[in-house]
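These are the residues of each chain, in order.
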Amino acid sequence: MSLDSIQTLALLDDTERELKHNERQLNDVESQIAEVRHALTQAEQDLQHKEEAYQTAKAEFASVNQKLEENTSRLKTMEKQVMQIRNQKEFIASKMQVKSVRKLCSQLEDEYLEYEEKIEGLKSDLDTAQAQVAKQTTIFEESVGELQNQSETLAKQIAENTKKYDGVLLQLEPKLQQFYNRCLERGISPAFARVTGTSCTGCNTELLPQLLNEMRTRPDSYRSCPFCFRIVYIAQ
């Protein structure tokens, strides 16, 4: 193999590393966008639940209030009517009805007060949820715009580096291209790894001294790593 081929391997390795770095950065940015969007969605869903609970309580409160008004009015009418009854039996029966309605009114008054307290608490929860949605909306608008710009920039860099990588790959001699394709089929990536110090950067394993000596003696050569089976080379 010529020194040009070794330099091509080095360029391919550098381009692939940069490409993977760009992809990791893009994943991080997309994760941040998803996280901010999730926080806003959660706040909006919480607000919806609080709003539904508040409106349900208000409707129930209105129903209790209506029943209380109706039965209070009914009680007043019955109390007036009972005083006009002269028949002892009818008087006792009417007094029992008045007592029953008065008890119902008392129960409704208790429910009325409970709902007043409940609605006050739900309104406070609703206000807090609305404030949280406003906060998360501000965070979303302030951060997502910048994050989306970063995402677009990284996507362009990935496209450019992918094109560059494909072009460099075509410069490899056929035998190395075949080896590269076999590695991809086996899920080995990267297929090529430079030697840094005395270690293969593909698997971070220290290579045997004899192998290193052979590669240093012939800088235009490459070998296969005995541990990860990638092609290893010494960059010039």
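Further up the page is the structure itself.
Sequence positions are assigned chain by chain, starting from 1 and proceeding in written order. Only residues with pLDDT of 70 or above have their local features reported here, since the model is predicted, and side-chain atom pairs are shown and tallied only from 80 upward, although totals for entire chains, interfaces and linings are computed over all residues. Water and hydrogen atoms play no part in the side-chain values, which are based on all heavy atoms of the structure.

(A) Focus on unusual backbone geometry. The omega torsion of the bond from Ser 189 to Pro 190 falls at 0°, within 30 degrees of zero and hence cis. Tracing the backbone shows Pro 190 in the loop between helix 3 (174-186) and strand 1 (192-196). You will see that Phe 229, though not glycine, has its phi angle at about 70°, which is positive. Put simply, DSSP H or I for four residues or longer makes a helix, DSSP E for two residues or longer makes a strand, and each gets a number counted from the N terminus. Tracing the sequence through the fold places Phe 229 in the loop between strand 4 (223-224) and strand 5 (231-233).

(B) Here's a closer look at the packing of aromatic side chains. Each pair of aromatic rings taken from Phe, Tyr and Trp, with Trp reduced to its six-membered ring, is defined by centres within 6.5 Å and is described as stacked if the planes are under 30 degrees apart, edge-to-face if over 60, and tilted in the remaining cases. Scanning the entire structure with this criterion turns up four aromatic pairs. Ring centres of Phe 61 and Tyr 112 lie 4.8 Å apart, and the angle between their planes is 45°; this geometry places the pair in the tilted category. Residue Phe 61 is found in helix 1 (residues 3-82), and its partner Tyr 112 is found in helix 2 (residues 88-170); the two are separated by 51 residues along the sequence. Ring geometry for Tyr 165 versus Tyr 180: centroids 6.2 Å apart, planes at 55°, classification tilted. Linking Tyr 165 in helix 2 with Tyr 180 in helix 3, this pair joins segments that are 15 residues apart in sequence.

(C) How the structure looks around the sheet that holds strand 1. Pairing between strands is defined by DSSP: at least two bridges between the two strands are required. Spatial ordering of the open sheet is given by 3-2-1-5-4, a layout of five strands whose pairing is mixed. With one partner strand each, in any of the chains shown, strand 3 (205-206) and strand 4 form the two edges of the open sheet. In this structure, strand 2 (residues 199-200) lies alongside strand 3, joined through two bridges in antiparallel fashion. Its bridge partner being in strand 3, Cys 200 is matched across the sheet by Thr 205.

(D) Seen up close, the nonpolar core. Nine residue types can take part in a nonpolar core, namely buried Ala, Val, Leu, Ile, Met, Phe, Trp, Tyr and Cys, and a core is a set of them joined through side-chain atoms within 4.5 Å. Partly exposed residues are those whose accessible area sits between 20% and 50% of the maximum for their type, while under 20% is buried and over 50% is exposed, using a 1.4 Å probe and protein chains only. Counting 19 residues, the largest nonpolar core has Leu 47, Tyr 54, Leu 75, Val 101, Cys 105 and Ile 119 as its most contacted members. The biggest single contributor to this core is helix 2, with ten residues. Within the second largest apolar cluster, 18 residues are counted, among which are Ile 6, Leu 9, Leu 176 and Ile 188.

(E) Quick peek at the pattern of salt bridges. In what follows, salt bridge is the name for a side-chain nitrogen of Lys or Arg lying within 4 Å of a carboxyl oxygen of Asp or Glu. Evaluation of the coordinates by the stated rule reveals seven salt bridges. A salt bridge links Asp 13 to Arg 17, with the shortest nitrogen-to-oxygen separation between them at 3.3 Å. Placement of the pair is Asp 13 and Arg 17 together in helix 1, with a separation of four residues, close to one helical turn. Relative accessible area serves as the criterion here: at 3%, Asp 13 is assigned to the buried category. Residue class for Arg 17 comes out partly exposed when judged on its relative accessible area of 41%. One salt bridge connects Arg 223 with Glu 214, and the closest N-O pair in it is separated by 3.4 Å.

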